[in-house]
Amino acid sequence: MNAPVPTLARPSLLHRLLTSEAAGGVLLMITAALAIVLANSPWASTYQHLLHLPVGPTLSDKLGPMTVHLWVNDGLMAVFFLLVGLEIKRELVDGRLATWEQRRLPALPALMGMAVPALIFLAVSRSEPGLASGWAIPAATDIAFAVGALALLGRHAPLSLKVMLVSVAIIDDMGAVAIIALFYTSSINLLALAAAGGIILVLLAFNRLRVVSLWPYLLGVAALWYVTLLSGVHATIAGVVGALLIPYSAGVGKASPLLKLEHALAPWVGFLIVPAFGFANAGVSFSHLSVSDVLAPLPLAIALGLLLGKQLGVFAGVWLAVKTGLAAKPRGASWLQIYGVAMLCGIGFTMSLFIGELAFPGQPERIDEAKIGILLGSLVSALVACAILRFAPKRQA
């Protein structure tokens, strides 16, 4: 019996995003809505008690006893970032970002789509001291939410736009990982950091020795997560670093360790981890919320960063790339449809909430303000984007 053709042995990232992960995005919307309902119901105290219930040992003196919330944000999200790292590595090796020609179109809008929201945030929030650390909150795009919304539109968006959205979101994820690693770390424990370096060397040795069994790598990534947690660098970075050290050979199909792990993790991340994160972090009480609270510098800066910054940055990036000849315009897409996808990038839910927790540690009031801005900016971006793509002419003018 002939061996399977490698390109058929695994679904493409785009195909999987538009099926299982698109459904995961819908589930994320449901769990986030449930969290908001609970936070504004008579069960609000029970919801908060559940999140902060100690359910494990003290792994780090800085964090204290592990609670449900800590396990989700520092543990499960490391698995989320592990999957992100696996997808980034595969796309760079033989996927939609394998060549410089393929990277040209998404690179400029992705970079501008991170820079412009950050600049808008800083401009709007400059009137109040202590807010500058939140500059990166509106810089991220939630790929599950955005692709889920795009999938719901069906044929109203051409395939080329779906490819562009996924490619921009992947580069956006790279930027988010770099931002977390560089700007959201606490005091560094050099001994733990040295241990992390030693584990990385061991994983590199496994690669050199052509070890193809997954278990040595999984044990190494687990150890890397623990020492990273102790080091002061955010523990989720261990997921991305570990993913880049797992072998991937483009020509061996499902036999590749990276593909085995990616396929095993994808449903768990899409249908459990990301929805659990939404449930644990989206709950914010609106009981005492007024118009002045919504228009306060922090939520307003985040909302405008997502709503205005993302659409301006991403759309201008595509326009510049096309007009300068750096890249070709997405096939079969009108500029209005491209603008709709740029607006869709303003959904920053998961990554924005995650960065918000890192930007204001130990400041629950700031975190709640950030959540209000994230929810507002993401919701309006989603509604406007879906309206544009739903009613935009399907053919170029």
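Preceding this section is the structure that the text describes.
Below is a summary of the structure that appears in this document. Predicted model only: the values in this text are computed from it and were never measured.

**Comments concerning the environment of methionine 112**
Turning to its location among the elements, methionine 112 is positioned in helix 6 (residues 100-125). In this structure, the C-alpha to C-alpha distance between methionine 112 and glutamate 128, residues 16 residues apart in sequence, is 25 Å. Setting aside its immediate chain neighbours within four residues, methionine 112 contacts Pro117, Gly313, Ala316, Gly317 and Leu320.

**Things to note about empty space enclosed by the protein**
Under the definition given, this model contains four cavities of 30 Å³ or more. One number sums up the size of the second largest cavity: a volume of about 50 Å³. Every residue lining the second largest cavity is listed: Phe80, Thr141, Asp142, Ile143, Ala144, Asp173, Val274, Thr350 and Met351. Going through the elements one at a time, helix 7 (143-152) and helix 16 (349-359) are the ones with two or more residues in the lining of the second largest cavity. Partitioned by chemical class, the residues of the lining of the second largest cavity number five nonpolar, two polar and two charged.

**Remarks on the packing of aromatic side chains**
For the structure shown, the criterion picks out ten aromatic pairs. Their ring planes at 90° and their centres at 5.2 Å tell us that tryptophan 135 and phenylalanine 183 sit as a pair that is edge-to-face. Taken as a pair, tryptophan 135 in the loop between helix 6 and helix 7 and phenylalanine 183 in helix 8 (residues 159-183) lie far apart in primary sequence, 48 residues in all. Overall, tryptophan 135 belongs to the partly exposed group, its relative accessible area being 22%. Between phenylalanine 206 and tyrosine 217, the aromatic rings sit 5.7 Å apart at their centres with planes inclined by 80°, giving edge-to-face as the arrangement. Of the two residues, phenylalanine 206 is situated in helix 9 (residues 190-208) and tyrosine 217 in helix 10 (residues 214-231); the sequence distance between them amounts to eleven residues. On the accessibility criterion, tyrosine 217 (0% relative accessible area) is buried. These aromatic residues form a ring-pair network of at least three members: Phe80, Phe81, Phe277 and Phe354. Over the ring of tryptophan 100 we find arginine 103; its NZ or CZ atom is 4.7 Å from the centre of that ring.

**Describing the side chain of serine 60**
If you trace the backbone, serine 60 turns up in strand 1 (residues 54-60). Accessibility expressed as a relative area gives 6% for serine 60, which makes it buried. Serine 60 has contacts with Leu229 and Leu230, leaving out every residue within four places of it along the chain.

**Considerations on the pattern of salt bridges**
Here the structure, examined in full by the defined rule, presents five salt bridges. A salt bridge links lysine 310 to aspartate 172; the shortest N-O distance between them is 2.8 Å. Pair noted here: lysine 310 is in helix 14 (residues 297-323) and aspartate 172 is in helix 8, with a separation of 138 residues, a long-range link. On the accessibility criterion, aspartate 172 (1% relative accessible area) is buried. A salt bridge links arginine 366 to glutamate 369; the nearest nitrogen and oxygen atoms lie 3.5 Å apart. Separated by three residues within a single helix, arginine 366 and glutamate 369 lie in helix 17 (residues 364-391), roughly one turn from each other. For arginine 366, a relative accessible area of 18% corresponds to the buried category. A residue is classified by how much of its surface remains accessible, and glutamate 369, at 25% relative accessible area, is partly exposed. Ionic contacts of the salt-bridge type, sharing partners, join the residues Arg90, Glu91 and Glu262 into one network.

Rules used throughout
Residues numbered from 1 in each chain as written. Predicted model: local features only at pLDDT ≥ 70, side-chain atom pairs only at ≥ 80, totals over all residues. Heavy atoms only, no water. Helix = DSSP H or I, 4+ residues; strand = E, 2+ residues; numbered from the N terminus. Contact = heavy atoms within 4.5 Å. 1 Å grid on protein atoms, 1.4 Å probe; cavity = no way out; pocket = protein on both sides within 12 Å on 5 of 7 lines; lining within 4 Å. Points joined across faces, edges and corners; volume = space filled by probe spheres on them. Nonpolar A, V, L, I, M, F, W, Y, C, P; charged D, E, K, R; others polar. Phe/Tyr/Trp six-rings, centres within 6.5 Å; stacked < 30°, edge-to-face > 60°. Buried < 20%, exposed > 50% of the residue type's maximum accessible area, 1.4 Å probe, protein only. Lys NZ or Arg CZ within 6 Å of the ring centre and 35° of its normal. Salt bridge = Lys/Arg side-chain N within 4 Å of Asp/Glu carboxyl O.

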